[in-house]
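Letter by letter, the chains look like this.
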Amino acid sequence: MKKTSIGILIAFVLSSVGISGVAMAESQDVQDLASWHIELQFKPYQPKISKNAAKQDFYNLMYGDGEPVMTTFATHHYVWDGFGLLGVGGSIGQWKTTGNTRICEDAQGNNTPCYETDGKDEAAREAQTALIAASKPGNSRTQLLVIPVGLEVVYRIDYLNREWNIPLDAYATFGLDYHFWWATTEGSIAERTLTNDDGTTETTKGKGATPGMNASVGLMLDLSFLEPVTASRGRKNGIAASYFFFEWNWSQGDGFSQPNRLDMSSSGWSLGIGMDFL
């Protein structure tokens, strides 16, 4: 995790604990429930990129097989507070990875586009894989930037916290998202030129967007027990509680199986901090 991400998380935790609110120090029969929620989430991320092995290999050669951290901000508005909390909300994230461009050569040793063909049949795919495997690192820097934007429904079971002051909430989410992405070389949008069977060329720019869907399950720890008196004061100012959470998330970001889409699918764990408001 990058130092900046760690710094943001620590600052958010400290400020949240200092002003969070769950009335653990209050002895009231009816407790006001949260009406909306914000959170900051950090998760290791690496997109699937493609079912095409050559494209996956090309990505790994340029950017490596590491998982840089994606930072996501989300907010939920709770519309029902019967048994648990049901809400709707949205999220926006940011992720990027950097590496070096690749130089591909033909049989005569001349530079050639690494995607001279697009793998339309088995022979073409094998030729493409061999061409990429023999590529060399270039001197130019390249970057892939991804901005996912989503809408989601969340259901949160807060019964233990609400009835027994046990500071644990379980939750699940489901949503639709759009992954906007940009591939740049030395700060400019990358381009790829393909030669068609009739000899014409077609240039594709390194930018686009891929729709998809996502789901997650997680567990939230109410931090109010660390400072119950301050937490009680926070409620009087409209702050219900602050939380540390851990979740497992899954995303299918392949354009609902549309061909020629950059596949942003992934799955894995994440950590974060959240805050409820009355």
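Just so it is clear, the structure is predicted and the values come from calculations on it, not from any experiment.

Cut-off values and rules
Residues numbered from 1 in each chain as written. Predicted model: local features only at pLDDT ≥ 70, side-chain atom pairs only at ≥ 80, totals over all residues. Heavy atoms only, no water. Helix = DSSP H or I, 4+ residues; strand = E, 2+ residues; numbered from the N terminus. Buried < 20%, exposed > 50% of the residue type's maximum accessible area, 1.4 Å probe, protein only. Contact = heavy atoms within 4.5 Å. Lys, Arg positive; Asp, Glu negative; His and termini not counted. Salt bridge = Lys/Arg side-chain N within 4 Å of Asp/Glu carboxyl O. Phe/Tyr/Trp six-rings, centres within 6.5 Å; stacked < 30°, edge-to-face > 60°. 1 Å grid on protein atoms, 1.4 Å probe; cavity = no way out; pocket = protein on both sides within 12 Å on 5 of 7 lines; lining within 4 Å. Points joined across faces, edges and corners; volume = space filled by probe spheres on them. Nonpolar A, V, L, I, M, F, W, Y, C, P; charged D, E, K, R; others polar. Pairing = 2+ DSSP bridges. pLDDT = per-residue confidence, 0-100. Core = buried A, V, L, I, M, F, W, Y, C linked by side-chain atoms within 4.5 Å.

Overview of the overall build of the chain
- Along its length, the chain carries five helices and twelve strands.
- The buried share of the chain, taken over its 278 residues, is 42%.
- Of the contacts formed within the chain by residues at least 6 apart in sequence, a portion of 75% connects residues at least 24 apart.

Some thoughts on the side chain of Lys43
- Looking at the element boundaries, Lys43 is found in strand β1 (residues 36–44).
- Lacking a salt bridge, the buried Lys43 has Glu247 as its closest oppositely charged neighbour, with an N-O distance of 6.3 Å.

Observations concerning the packing of aromatic side chains
- Evaluated as defined, the whole model comprises six aromatic pairs.
- Ring centres of Trp36 and Phe277 lie 4.4 Å apart, and the angle between their planes is 15 degrees; this geometry places the pair in the stacked category. Placement of Trp36 in strand β1 and of Phe277 in strand β12 (residues 266–277) is noted, with a sequence separation of 241 residues between them.
- The class of Trp36 is partly exposed, set by a relative accessible area of 35%.
- According to the relative accessible area criterion, Phe277 is buried, its value standing at 16%.
- Between Tyr171 and Phe245 the ring centres are 6.4 Å apart and the planes differ by 85 degrees, which places this aromatic pair in the edge-to-face class.

Focus: helix α5 (residues 228–236)
- Within α5, burial applies to Thr230, Ala231, Ser232, Gly234 and Arg235.
- In the segment just after α5, Gly238 is the residue with positive phi, at about 90 degrees.

So, empty space enclosed by the protein
- Using the criterion set out here, one finds two cavities of 30 Å³ or more in the structure.
- Empty space within the largest cavity amounts to approximately 440 Å³.
- Forming the boundary of the largest cavity are 32 residues, of which Gln41, Thr72, Ser91, Glu152 and Asn214 lie nearest the centre.
- Those elements giving two or more residues to the lining of the largest cavity turn out to be β1, β2 (69–80), β5 (136–157), β6 (168–185), β10 (207–222) and β11 (239–252).
- In terms of residues, the lining of the largest cavity owes the most to one element, β5, which gives six residues.
- Looking at the lining of the largest cavity, its residues break down into 13 nonpolar, 13 polar and six charged.

What about the pairing of β2?
- Where β1 meets β2, nine bridges bridge the pair, whose relative direction is antiparallel. Within β2, the residue paired with Lys43 across the bridge is Met70.
- Here nine bridges tie β2 to strand β3 (residues 85–105), and the two strands are oriented antiparallel to one another. Residue pairing in the sheet places Thr75 in a bridge with Gly90 of β3.

A closer look at the confidence of the model for the chain
- Across the chain, pLDDT averages 83, with 85% of residues at or above 70.
- In this model, residues 8–30 is a region of pLDDT below 50 whose contacts with residues beyond four sequence positions or in other chains number 51 contacts.

Considerations on the pattern of salt bridges
- For the structure on display, the rule yields three salt bridges.
- In this structure, Asp276 and Arg156 form a salt bridge, with 2.5 Å as the shortest nitrogen-oxygen distance. Taken as a pair, Asp276 in strand β12 and Arg156 in strand β5 lie far apart in primary sequence, 120 residues in all.
- Overall, Asp276 belongs to the buried group, its relative accessible area being 1%.
- Residue Arg156 is classed as buried on the basis of its relative accessible area, which comes to 2%.
- Measuring nitrogen to oxygen at the nearest pair gives 3.0 Å for the salt bridge that ties Arg162 to Asp158.
- A relative accessible area of 6% means that Asp158 is categorised as buried.
- Here the residues in one salt-bridge network are Arg156, Asp169 and Asp276, joined through shared partners.

Thoughts on the pairing of β1
- The buried fraction of β1 is high, at seven of nine residues.
- Looking at chain direction, β1 and β12 are connected through seven bridges and run antiparallel. Residue Trp36 lies in a different strand from β12, and its bridge partner there is Phe277.

Observations regarding the nonpolar core
- Judged by nonpolar contacts, the single largest core of 18 residues is most densely connected at Tyr59, Trp95, Leu144, Val146 and Trp181.
- Contributions of two or more residues to this core are made by α2 (53–63), β3, α3 (122–133), β5 and β6.
- Considering every element that reaches this core, the biggest residue donor is α2, with five residues.
- Apart from the residues lying within four places of it in its own chain, the contact partners of Val146 are Gly93, Gln94, Trp95, His179, Phe180, Trp181 and Met264.

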